[in-house]
Amino acid sequence: MPRIIAIANGKGGVGKTTTAVNLAATFSEKTRVLLVDADIQGSATWWVERNREKWGFDLAQETDPKLLSGLSKIEGYDLVVVDTPPALHSEALAAVVAIADYLLLPTPPAPMDLAVLIETVREAVTPVGIAHRVLLTRVDSRSLGEALEAQNTLMELGIPACNAFVRAYKAHERAALEGVPITQWRGNNAREAQADYRRVANELQRDWRK
């Protein structure tokens, strides 16, 4: 059975789809990956389908909770990454969380974003008891102190956070517009942006081995 990792947050605009797509691309360099777009907005599908031959993973768009609940029985993949809808009380999100092995919660470190994320963890994650980590995204490389402060806040609340974080680069937007993953982007800050996601992927893999 594949490992299922759900990318979730109750708030939109936090880098959820960017995280799902680029982590799927990063993991697909070494393993068989299926990306499931369960967000009704279909942003991940729009991104991937515009340049389909550039991607090393398979894509499925599915928002039906009943079908999503069967993902744990899918064959032919080592890892399934699910981009979930930005709605805490979504039936699709509940279906995915119920069968997921791991939950990754991306959020910028800004106080308002962090407050919504903490509510998401308390309402939708802690009651289920699923293994999870928060991933700080859109981190301003000129003010890393904000990210470190956010990590400390989460730690004090007993909410696990990734040591790695994803810095804010125009490369992410431009890769999306080109229809390619950050792993194949060759413009400014490409190496830095790629390195961020590889650090996240490596940290998750270490977490899974525990």
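Up top is the structure these notes are about.
Notes on the structure follow. Please read all numbers here as calculations on a predicted model, not as lab measurements.

A word on helix α4 (residues 91-99)
Right, so step 1: For α4, every residue scored as buried is listed here: A92, L93, A95, V96, V97 and I99.
Right, so step 2: Lining the buried residues of α4 we find β1 (3-7), α3 (65-68), β4 (79-83), β5 (102-107) and α5 (111-125).
Right, so step 3: You can read the cap of α4 off the contacts: a side-chain oxygen lies 3.1 Å from the backbone nitrogen of A92, and it is on S90.

A short note on the pattern of salt bridges
Right, so step 1: As enumerated under the stated definition, the model contains nine salt bridges in all.
Right, so step 2: Salt-bridge contacts for E29 lead to R198; the nearest nitrogen and oxygen are separated by 2.6 Å. Of the two residues, E29 sits in the loop between α1 (16-27) and β2 (33-37) while R198 sits in helix α8 (residues 190-209), which places them 169 residues apart along the sequence.
Right, so step 3: For R198, a relative accessible area of 30% translates into the label partly exposed.
Right, so step 4: Notably, a salt bridge pairs D196 with R199, separated by 2.6 Å at the nearest N-O pair. Separated by three residues within a single helix, D196 and R199 lie in helix α8, roughly one turn from each other.

Side note on the nonpolar core
Right, so step 1: By size, the foremost hydrophobic cluster in this structure holds 38 residues, and its most contacted members are I5, L23, L35, V81 and L204.
Right, so step 2: When contributions to this core are tallied by element, the ones reaching two or more residues are β1, α1, β2, α2 (43-49), β4, β5, α7 (170-178) and α8.
Right, so step 3: Among the elements that make up this core, the one with the highest residue count is α8 (seven residues).
Right, so step 4: The residues contacting V81, other than those within four sequence positions of it, are I5, I7, A20, A24, V33, L34, L35 and V36.

Cut-offs used in this document
Residues numbered from 1 in each chain as written. Predicted model: local features only at pLDDT ≥ 70, side-chain atom pairs only at ≥ 80, totals over all residues. Heavy atoms only, no water. Buried < 20%, exposed > 50% of the residue type's maximum accessible area, 1.4 Å probe, protein only. Helix = DSSP H or I, 4+ residues; strand = E, 2+ residues; numbered from the N terminus. Contact = heavy atoms within 4.5 Å. Polar contact = N/O pair within 3.5 Å; in protein donor to acceptor, adjacent residues only side chain to side chain. Salt bridge = Lys/Arg side-chain N within 4 Å of Asp/Glu carboxyl O. Core = buried A, V, L, I, M, F, W, Y, C linked by side-chain atoms within 4.5 Å.

Keep in mind these values describe shape, not function.
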